[in-house]
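Coordinate inspection notes
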Amino acid sequence: MVKCIIFDCDGVLVDTEKIGNGVLLEMASEHGFEMKIEDAYRNFNGRKLKDCFKYIEETIDKELPETFESEFRQRSFDAFKTQVKPMEGVLEFINKLKIPYCVASSGPVEKICLNLEVAGLLDKFENKLFSSYQIGSWKPEPGIFLHAAKEMGFDVKDCIVIEDSVAGVRAGIDGGFKVYGFANGYNDNDLEKEGAILFRSYQELAVILNLE
């Protein structure tokens, strides 16, 4: 029986992945890096930002400018402020929950808060928000999910994780959690290979978890 739900943020609660990846690919292309958006989903989603930059640098065989990270954060934050929306059906799903839940993300706290606020979800996660930056452990390491479960007061076996990235699913599985993977058309096979139970909408997940 599920006693606590741990949500990832980007691509699970808020529709940010296309925005963030779009900004990153646009900026990286100025330095000779080319990648299709669907490949960015596979390679970048759920990963530490510095690891994404390292991947780009290794591909183009040169270092990105020192200002690349700060510029990316500014440009993506500007885009998030006007373009972020909640994932379809997520608010209705949350409103049906009669068990505790939280969000555990690899992103900085200010980014998580910004995205949730713009999407109209921040009030749902007051005092239930956990960031990898708080503990110094990033997916695919399981630390952030283990930390969230502990802070929420539950054993791993009593929690489920909702993810949309390979790194996130791997983190959840390695931590001993049952993981549900939000399939978006790009990640279906990758998430399933990692051991996630796939769902394609919050309506479907509500049925799977007997919330209907």
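So, a few notes on the structure that sits alongside this text.

Conventions adopted
- Residues numbered from 1 in each chain as written.
- Predicted model: local features only at pLDDT ≥ 70, side-chain atom pairs only at ≥ 80, totals over all residues.
- Heavy atoms only, no water.
- Helix = DSSP H or I, 4+ residues; strand = E, 2+ residues; numbered from the N terminus.
- Rg over C-alpha atoms; globule rule 2.2 N^0.38 Å.
- Contact = heavy atoms within 4.5 Å.
- Areas by Shrake-Rupley, 256 points an atom, 1.4 Å probe, with all protein chains shown as cover.
- Lys, Arg positive; Asp, Glu negative; His and termini not counted.
- Charge placed at Lys NZ, Arg CZ, Asp CG, Glu CD.
- Salt bridge = Lys/Arg side-chain N within 4 Å of Asp/Glu carboxyl O.
- Buried < 20%, exposed > 50% of the residue type's maximum accessible area, 1.4 Å probe, protein only.
- Pairing = 2+ DSSP bridges.
- Right-handed = clockwise from strand over helix to strand, strands pointing away.
- Polar contact = N/O pair within 3.5 Å; in protein donor to acceptor, adjacent residues only side chain to side chain.
- 1 Å grid on protein atoms, 1.4 Å probe; cavity = no way out; pocket = protein on both sides within 12 Å on 5 of 7 lines; lining within 4 Å.
- Points joined across faces, edges and corners; volume = space filled by probe spheres on them.
- Phe/Tyr/Trp six-rings, centres within 6.5 Å; stacked < 30°, edge-to-face > 60°.
- Lys NZ or Arg CZ within 6 Å of the ring centre and 35° of its normal.
- Expected span 1.5 Å × (residues − 1).
- Arc of directions from axis to C-beta.

Once that is clear, we can look at the overall build of the chain. Along its length, the chain carries 11 helices and 6 strands. Against the globule reference of 17 Å for 212 residues, the chain gives a C-alpha radius of gyration of 17 Å, in line with a compact fold. Long-range contacts, defined here as pairs at least 24 residues apart, represent 66% of the contacts in the chain between residues at least 6 apart. Counting every atom, the chain has about 10300 Å² of accessible surface; 47% of that belongs to carbon and sulfur. Here the chain holds 25 positive side-chain charges and 37 negative ones, and the gap between their average locations is 4 Å.

All told, the structure shown has 12 salt bridges when counted by the stated rule. The partner of Arg200 in a salt bridge is Asp188, with the nearest N and O atoms 3.3 Å apart. Within this pair, whereas Arg200 is found in the loop between β6 (197–199) and α11 (202–208), its partner Asp188 is found in helix α10 (residues 188–194), the two being separated by 12 residues in sequence. For Asp188, a relative accessible area of 16% gives the class buried.

Here we take up the pairing of strand β5 (residues 178–182). The buried fraction of β5 amounts to 4 of the 5 residues, a majority that puts the element mostly inside the structure. With 3 bridges joining them, β5 and β6 adopt parallel strand pairing. Bridging across to β6, Phe182 finds its partner in Phe199. Handedness of the crossover joining β5 and β6 through α10 is recorded here as right-handed.

With respect to the element layout, Asn187 can be found in the loop between β5 and α10. The buried category is assigned to Asn187, whose relative accessible area is 6%. Of the polar contacts made by the side chain of Asn187, one reaches the backbone oxygen of Asp164; its length is 2.8 Å. Excluding its chain neighbours within four sequence positions, the residues that come into contact with Asn187 are Asp164 and Phe182.

Our focus in this paragraph is the layout of surface pockets. The computed volume of the largest pocket comes to approximately 220 Å³. Forming the walls of the largest pocket are Met1, Val2, Ile5, Lys96, Leu97, Lys98, Ile99, Ile208, Leu209, Asn210 and Leu211.

As enumerated under the stated definition, the model contains 16 aromatic pairs in all. A centroid spacing of 6.2 Å and a plane angle of 85 degrees characterise the contact between Phe7 and Tyr101, whose relative ring orientation is edge-to-face. One end of the pair, Phe7, is in strand β1 (residues 4–7); the other, Tyr101, is in strand β2 (residues 101–105), and 94 residues separate them in sequence. For the pair Phe7 and Tyr101, a shared accessibility class is recorded, and that class is buried. Through a chain of ring-to-ring contacts, the aromatic side chains of Phe7, Phe93, Tyr101, Phe125, Phe182, Phe199 and Tyr202 assemble into a single cluster. Here the basic side chain of Lys48 rests over the ring of Trp138, its NZ or CZ set 4.1 Å away from the ring centre. Looking at Lys128, its charged tip hangs above the ring of Tyr101, at a distance of 3.7 Å from the centre.

What follows concerns helix α3 (residues 49–60). Between its terminal C-alpha atoms α3 stretches 17 Å, which fits the 16 Å expected from 12 residues at 1.5 Å a residue. Within the span of α3, buried status applies to Leu49, Cys52, Phe53, Ile56 and Ile60. Down the axis of α3, the buried side of the element spans an arc of 100 degrees, and every buried residue falls inside it. Tucked into the core, α3 has its buried residues touching α1 (17–29), α2 (37–44) and α4 (68–83). Just downstream of α3 lies Asp61, where phi reads positive at about 60 degrees.

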